[in-house]
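# Fold and contact review
Residues per chain, in single letters:
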Amino acid sequence: MRNLKELSNQDILVSPSLLAADFGRLAEEVKRIADAGADMLHLDVMDGIFVPNISFGIPVIASLRKISGLLFDTHLMIAHPARYAEAFAKAGADHLTFHLESGDPAEEVISAIRAAGCTVGISLKPATPAEAVFPYLDKVDMVLIMTVEPGFGGQKFMQDMMPKVRAVREEIRKRGLTVHVQVDGGIQEGNALLCRDSGSNILVAGTSVFRAPDAAEAIAGLKK
Ligand code: DX5
Ligand code: ZN
C-alpha cells in the first residue's frame, strides 16, 4: 500500500522513523522494520538550517526506494520545501510533510507537492497553535503534530501537545474531512494510548521501535 489516501484513518498506523536505525546498514534495517509490521517508513530529512541537525536526503531515499515497497512517509525539516518537492518525489517519496514554519507560503508548497504526485502533510512545531493549520485542512492528507522540538531523535514526549492534537482532530471531524493526524517524537508504548485517545491515528516511533530488542513486539505494543 503506497498511497496514504487508501489507508483508513480509523486504524492505528505505525510509521517507524529511520533516524533511529543503524545508518551503516540502512537497507537491512528497512527490510527488518517492514518484516516487523511497519505500516509505512518515516524519513526525517534535516537540512541544518530549518533545524540544527543534518540527517539524510534525496540520494538516500532514491537508494532505499530500490529495495523497499513501503510507503515512504517523508518529513521535510528543511527551508524552501517547495523547491525540493519534485526531487523528493522523483527519488521515490510517496508522501511529503512540510513545516508550516518553513518560510514558504503554504499554498505554494501544497501545489508543488501535488504537482509532484505525492500526498501532502503539514507539520506544526510545538509553539505553533492548532488554529494555524485550519485554513489548509481541506487541502492536505495529513497533519503532523510534533511532540518534541524537531531536530533530534530520542527526546522526551511532550504530553502538553495533546490538546493541540484534540483541537485539530475535532476540527477535521466537524468539517467531515478525511485527514490523518500524526504525532512524532518520544512515542512509545506508555503514551501511545493517550495519543490515540487524543485523536492521532499515525504514530511515528524511532527509538522505541528501531532500538527495541524485538521490533515486531514494539510495533504491536504501540497498536494494542
Ligand atoms: C524529530 C523527528 C522524529 C524523531 C522521532 O525531529 O521528526 O521523527 O526521529 O524519534 P523518537 O521516536 O526517537 O523520538
Ligand atoms: Zn519526523
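The coordinates are above.
Rules behind the numbers
- Residues numbered from 1 in each chain as written.
- Chains lettered and ligands numbered in written order.
- Predicted model: local features only at pLDDT ≥ 70, side-chain atom pairs only at ≥ 80, totals over all residues.
- Heavy atoms only, no water.
- Donors = N, O, S within 2.8 Å, 3.2 Å for Na, K, Ca; no water.
- Tetrahedral: all angles 85-135°; square planar, octahedral: opposite > 155°, others 65-115°.
- Buried < 20%, exposed > 50% of the residue type's maximum accessible area, 1.4 Å probe, protein only.
- Helix = DSSP H or I, 4+ residues; strand = E, 2+ residues; numbered from the N terminus.
- Contact = heavy atoms within 4.5 Å.

### Describing the coordination of the zinc ion (ligand 2)
Those protein atoms acting as donors to the zinc ion (ligand 2) are H42 (NE2), D44 (OD), H75 (ND1) and D184 (OD), and they sit at 2.0 to 2.3 Å. Each of the 6 donor atoms bound to the zinc ion (ligand 2) contributes to angles spanning 70 to 169°, and the resulting shape is octahedral. All donors to the zinc ion (ligand 2) come from one chain, and their sequence spacing reads H-x1-D-x30-H-x108-D. For the pair H42 and D44, one class covers both residues: buried.

### Observations concerning the environment of M142
Looking at the secondary structure, you find M142 in strand β6 (residues 142-146). C-alpha of M142 to C-alpha of T74: the two residues are 68 residues apart in sequence and 12 Å apart in space. The contacts of M142, once residues within four sequence positions are left out, are L4, D73, H95, T97, V120, G121, I122, V179, H180, Q182 and I202.

### What about the environment of L13?
Along the chain, L13 falls in strand β1 (residues 13-16). L13 sits 210 residues away from K223 along the chain, and the two C-alpha atoms are 7.4 Å apart. Other than its neighbours up to four places away in sequence, L13 contacts L7, S8, D39, M40, H180, N201, I202 and L203.

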